[in-house]
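Structural characterization, general
Each chain, letter by letter, is given below.
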Amino acid sequence: MAALYRAINACGYAEQFQGYDRGDFAWPGVIDALQMAASIDDVFTNPAYVDDSDAFMFCESVADFDDRQSEYSAKYTAAMIVFNFVWNAYEAAIEISAGSAFPKDKTPVRARRLFAAEPELDLLVTGFAMSHGVAHNICGHIRELAPDVAAIKAKYKLKGAAAAAELCRLFRNYIVHGRDVTPTTESYIPARRFYAVVRLLLLLIQLLVMRQLVDRDGIVPLTVHGDGEATKAGSYLGNLHRHEVLWFTPGELLFERDMEWT
């Protein structure tokens, strides 16, 4: 999330987006939501707050259960908060990147249709298919979601980024319509499903940003506050979700001390 925030700012600073000057913040609705998602440091919950029996005062087992429930509920709550902010960033990115395309459709559907019309886009982000597969597998094991997830390919014949966009839309509807159950047992699985979809949403945002680059081979700084390290905009956005040692190849990372943004 932080890396994507910095990448969008860096591309805007390098004037890689039409209509943005160096002094402006590029894609404010996107980066503001990403900043909030990335800024969450800790979350505390107390599900027993609604229990007026005071059972924890008289039973150690109840007190232990309340502590465990608080821990896993906090992880679930944090995951949902992060998901909601990243979803906001995703919808803002769709509005910017899609422009006037598919104006009659709802925002998440516009993304699906956009990606279906440009099937080569998901090839621009390294490892996209793997992250999509993980999220698809996890969501496919949610009983209430499984039939809809299966229909993405079997019935609607969607694939690539279009299928990923539809998967994220289905998961979001599943959450906001109150179909998910807050965990009360010792399980990290509910939080994991959020983060699998969050990662996929971030990759979809990367694709939407890449669509709007003036020049994918244009040189941009790795950070507007850095020491002059720079690389190609397309390579930056296509790989920023990976560790640097996995994607910087000889000659790809530039050290331009004399660039005007240093």
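Right, let's walk through the structure included here. (Residues numbered from 1 in each chain as written. Predicted model: local features only at pLDDT ≥ 70, side-chain atom pairs only at ≥ 80, totals over all residues. Heavy atoms only, no water.)

1. Here's the deal with the nonpolar core
- Of all hydrophobic cores here, the largest spans 72 residues; its most connected members are Ile8, Tyr90, Phe115, Phe171 and Leu204.
- Sort the elements by how many residues they give to this core and helix H8 (residues 189–211) lands first, with 15 residues.
- Discounting chain neighbours no more than four positions away, the residues touching Phe115 are Tyr90, Leu121, Ala161, Ala162, Ala165, Leu204, Leu207 and Leu208. (Core = buried A, V, L, I, M, F, W, Y, C linked by side-chain atoms within 4.5 Å. Buried < 20%, exposed > 50% of the residue type's maximum accessible area, 1.4 Å probe, protein only. Helix = DSSP H or I, 4+ residues; strand = E, 2+ residues; numbered from the N terminus. Contact = heavy atoms within 4.5 Å.)

2. Topic: the packing of aromatic side chains
- Counted under the stated rule, the structure contains eight aromatic pairs.
- Ring plane angle 75° and centroid distance 5.4 Å describe the contact between Tyr76 and Phe194, whose orientation is recorded as edge-to-face. Highlighted residues: Tyr76 in helix H3 (residues 60–98) and Phe194 in helix H8, separated in sequence by 118 residues.
- You can call Tyr76 buried: its relative accessible area is 5%.
- The interplanar angle of 85° and the centroid separation of 5.5 Å between the aromatic rings of Phe171 and Phe194 together place this pair among those described as edge-to-face. With Phe171 in helix H7 (residues 160–176) and Phe194 in helix H8, this pair connects stretches of sequence that are 23 residues apart. (Phe/Tyr/Trp six-rings, centres within 6.5 Å; stacked < 30°, edge-to-face > 60°.)

3. A word on unusual backbone geometry
- Of note, Glu15 is a non-glycine position whose phi angle comes to about 55°, a positive value.
- Within the secondary structure, Glu15 is located in the loop between helix H1 (2–13) and helix H2 (28–39).
- You can call Glu15 partly exposed: its relative accessible area is 42%.
- With phi around 50°, Phe102 is a residue other than glycine that occupies positive phi space.
- Relative to the helices and strands, Phe102 resides in the loop between H3 and helix H4 (107–117).
- Since its relative accessible area comes to 24%, Phe102 is described here as partly exposed.

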